[in-house]
Amino acid sequence: MELITINLDLPQDSYAIHISHDWQGLESAIRTYLGNKVMLVTDENVKELFVHNVTSIISSMGCETTLAIIQAGENSKSLGTAESLYTQALNAKLDRSSSIIALGGGVVGDLAGFVASTYMRGINFIQIPTTLLAQVDSSVGGKVAVNHPLAKNIIGSFYQPKSVYININTLSTLPDRQFSTGMAELIKYGFIWDKEFLVWLENNIERLMKKEKDALAYAIQRCCTIKAEIVGQDEKEKGLRAILNFGHTVGHGLESITGYSQFTHGEAVALGMIYESLIALHMGLVDQSLVNLLIDLLKAAKLPTKIAGIDVESLIQAMSLDKKNKSGSIVFILPTDYGKVDIFNDVDQKLIYKVFK
Ligand code: GLY
């Protein structure tokens, strides 16, 4: 496989997303941005797998590396963990010419990016995502954040990485449930933007689930290209970028009312996409065949497609706290055709009850 490069063009801070199946292109992808010192942020699981490869490449470029290892899991996305990273950065004497690299999944990327965006008012940041979810979504586009005990991702900013390096070979050790969670975001791109990619997915989803390299490389580059196109048009989510949240209004609500412990993010988004498509079906925006295609793809990706016993009141209450909401009404991203969605803030509450009952 050749190294694929996708450019994310922005008025300021444009950068490249590199997709490869090994570490050979890493040096040239990050050399310009490292500076004299690097803090490599990773978690306990990733440490065992890839830290050796990445640190030896950084060291070979004459850079001093400090390794900061956080506990795996959402609880690490906190101001407390951020503070311990600031302490490690200060102890290692990182200055404005230094950089922070995130090596891991979404938690590592969001947290390390948040620290890079605030340490000394911002130092260079590089993403090396190692989960499918991070490779197709969270490592691209510059959303960095930590959680507050009352709300997820509520303390953060838009802070673009200088470079993103995706080695798809890292997916070979990813646990199946985590792989499926990334598949939810990957399938999302077909429904929000790209009818042709939906057709490709129908024909190739089994190959993806077998982690066939060519199929993965094609799908990841397709998702990153779509995300780069959307973020390139609307970096700060003034409008269009909100479509990346298809499935997330219901999904975030489900995660919140189940204490972030019952579903992975992708599982909640999968269910969210189904229920939001059912809302669209009841509004006459799409027909049953679109909902069926979505369900078939999610089933093939080993994602849940039904939930029982949802407390609709609590769900609506949780959805009313969504960051996308405006002037008190819940904002939904709903499909209007294959590969097309729109933003709605006037969905009838009775319809929401009907769909969940
Ligand atoms: N994950 C949604 C976004 O980056 O906008």
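Higher on the page you've got the structure.
S.K.: Give me the lowdown on the overall build of the chain, citing residues and values where you can.
M.R.: The helix and strand tally for the chain stands at 13 helices and 11 strands. When the backbone C-alpha atoms are referred to their principal axes, the chain occupies close to 60 × 40 × 35 Å. Burial status across the chain gives 57% buried among its 357 residues. Look at the contacts in the chain between residues 6 or more apart in sequence, and 75% of them connect residues 24 or more apart. With the model as given, the accessible surface of the chain reaches about 15,100 Å², and the carbon-plus-sulfur share is 48%. Side-chain charges of the chain comprise 32 positive and 38 negative groups, with the mean position of each set lying 3 Å from the other.

S.K.: Mind laying out the pattern of salt bridges, listing which residues take part and the relevant values?
M.R.: Applying the stated criterion to the full structure yields 12 salt bridges. Among the salt bridges present, the one from Lys-152 reaches Glu-255, with a minimum N-O distance of 3.4 Å. Taken together, the residues Lys-152 in strand 8 (residues 151–158) and Glu-255 in helix 9 (residues 248–257) connect sequence positions 103 residues apart. We classify Glu-255 as buried; its relative accessible area is 3%. Across the pair Lys-188 and Glu-185 runs a salt bridge whose closest N-O atoms are separated by 2.8 Å. With Lys-188 and Glu-185 both in helix 6 (residues 176–193) and three residues apart, this pair spans about one turn of that helix. We note that Lys-188, like Glu-185, is buried. Via salt bridges that share partners, Glu-74, Lys-77, Asp-110, Lys-152 and Glu-255 belong to a single interconnected network.

S.K.: Account for the packing of helix 10 (residues 265–282) against helix 11 (residues 288–300), with residues named and values stated.
M.R.: Where helix 10 contacts helix 11, the axes come no closer than 9 Å and their chain directions differ by 170°. With respect to their mutual orientation, helix 10 and helix 11 come out roughly antiparallel. Facing helix 10, whose interface residues are Ala-270, Met-273, Ile-274, Ser-277, Leu-278 and Leu-281, helix 11 presents Gln-288, Leu-290, Val-291, Leu-294, Ile-295 and Leu-298.

S.K.: How would you sum up the packing of helix 7 (residues 195–209) against helix 8 (residues 213–233)? Please name residues and give values.
M.R.: Describing two packed helices takes the angle between their axes plus the distance from one axis to the other. Across the interface, helix 7 lies against helix 8 with an axial gap of 10 Å and an inter-helix angle of 145°. The two elements helix 7 and helix 8 cross, and the hand of that crossing is left-handed. Each of Phe-197, Trp-200, Arg-207 and Leu-208 in helix 7 lies in contact with helix 8, whose residues at this interface are Asp-214, Ala-215, Leu-216, Tyr-218, Ala-219, Arg-222 and Cys-223.

S.K.: Which residues make up the site of the ligand, and what values do they have?
M.R.: The environment of the ligand is made up of Asp-137, Lys-143, Lys-227, Glu-237, Arg-241 and Leu-244. Here an oxygen atom of the ligand sits 3.0 Å away from a polar atom, N or O, in the side chain of Lys-143. Here an oxygen atom of the ligand sits 2.8 Å away from a polar atom, N or O, in the side chain of Arg-241. When isolated, the ligand has an accessible area of 200 Å², and the protein chains bury 89% of it.

S.K.: Which residues make up helix 2 (residues 44–60), and what values go with them?
M.R.: A rise of 1.5 Å per residue sets the reference length of helix 2, with its 17 residues, at 24 Å; its end C-alpha atoms lie 24 Å apart and thus fit the reference within 8%. Of all the residues in helix 2, the buried ones are Val-46, Phe-50, Val-51, Val-54, Thr-55, Ile-57 and Ile-58. The inward-facing, buried residues of helix 2 abut helix 1 (26–30), strand 3 (37–43), strand 4 (64–70), strand 5 (99–104) and strand 6 (124–129). With a side-chain oxygen positioned 2.9 Å from the backbone nitrogen of Asn-45, the residue opening helix 2 is Asp-43.

S.K.: Would you mind going over the side chain of Lys-227 in detail, with residue names and values included?
M.R.: Turning to its location among the elements, Lys-227 is positioned in helix 8. Excluding its chain neighbours within four sequence positions, the residues that come into contact with Lys-227 are Val-136, Asp-137, Val-140, Gly-141, Tyr-189, Arg-241 and Leu-244.

S.K.: Residues and numbers for the state of the cysteines, please.
M.R.: Applying the stated criterion across every chain yields a total of zero disulfides. Not engaged in a disulfide, the cysteine Cys-223 finds its nearest cysteine sulfur in Cys-224; these two sulfurs lie 6.8 Å apart.

S.K.: Would you mind going over the layout of surface pockets in detail, with residue names and values included?
M.R.: For the second largest pocket, the calculated volume is near 190 Å³. Forming the walls of the second largest pocket are 13 residues, and the residues nearest its centre are Asp-13, Phe-158, Tyr-159, Gln-160 and Lys-162. Looking at the lining of the second largest pocket residue by residue, the class counts come to five nonpolar, four polar and four charged.

S.K.: Before we move on, can you summarise the nonpolar core with the specific residues and values?
M.R.: Membership of the largest hydrophobic core comes to 82 residues, with the highest contact counts inside it found for Ile-17, Met-183, Leu-186, Ile-220 and Phe-356. It is helix 8 that provides the largest number of residues to this core, a total of 11 residues. Not counting chain neighbours up to four residues away, the residues in contact with Ile-220 comprise Ile-19, Leu-132, Gln-135, Val-136, Ile-166, Ile-168 and Leu-171. Core analysis: the second largest hydrophobic core is formed by 23 residues, Ile-70, Ile-100, Val-107 and Val-146 among them.

Cut-offs used in this document
Residues numbered from 1 in each chain as written. Predicted model: local features only at pLDDT ≥ 70, side-chain atom pairs only at ≥ 80, totals over all residues. Heavy atoms only, no water. Helix = DSSP H or I, 4+ residues; strand = E, 2+ residues; numbered from the N terminus. Buried < 20%, exposed > 50% of the residue type's maximum accessible area, 1.4 Å probe, protein only. Contact = heavy atoms within 4.5 Å. Areas by Shrake-Rupley, 256 points an atom, 1.4 Å probe, with all protein chains shown as cover. Lys, Arg positive; Asp, Glu negative; His and termini not counted. Charge placed at Lys NZ, Arg CZ, Asp CG, Glu CD. Salt bridge = Lys/Arg side-chain N within 4 Å of Asp/Glu carboxyl O. Axes fitted to C-alpha atoms, helices over the stretch in contact; angles between N-to-C directions. Parallel < 35°, antiparallel > 145°, perpendicular 65-115°, else oblique. Left-handed = near helix turned anticlockwise from the far one by under 90°. Near = heavy atom within 4 Å. Polar contact = N/O pair within 3.5 Å; in protein donor to acceptor, adjacent residues only side chain to side chain. Expected span 1.5 Å × (residues − 1). Disulfide = S-S within 2.5 Å. 1 Å grid on protein atoms, 1.4 Å probe; cavity = no way out; pocket = protein on both sides within 12 Å on 5 of 7 lines; lining within 4 Å. Points joined across faces, edges and corners; volume = space filled by probe spheres on them. Nonpolar A, V, L, I, M, F, W, Y, C, P; charged D, E, K, R; others polar. Core = buried A, V, L, I, M, F, W, Y, C linked by side-chain atoms within 4.5 Å.

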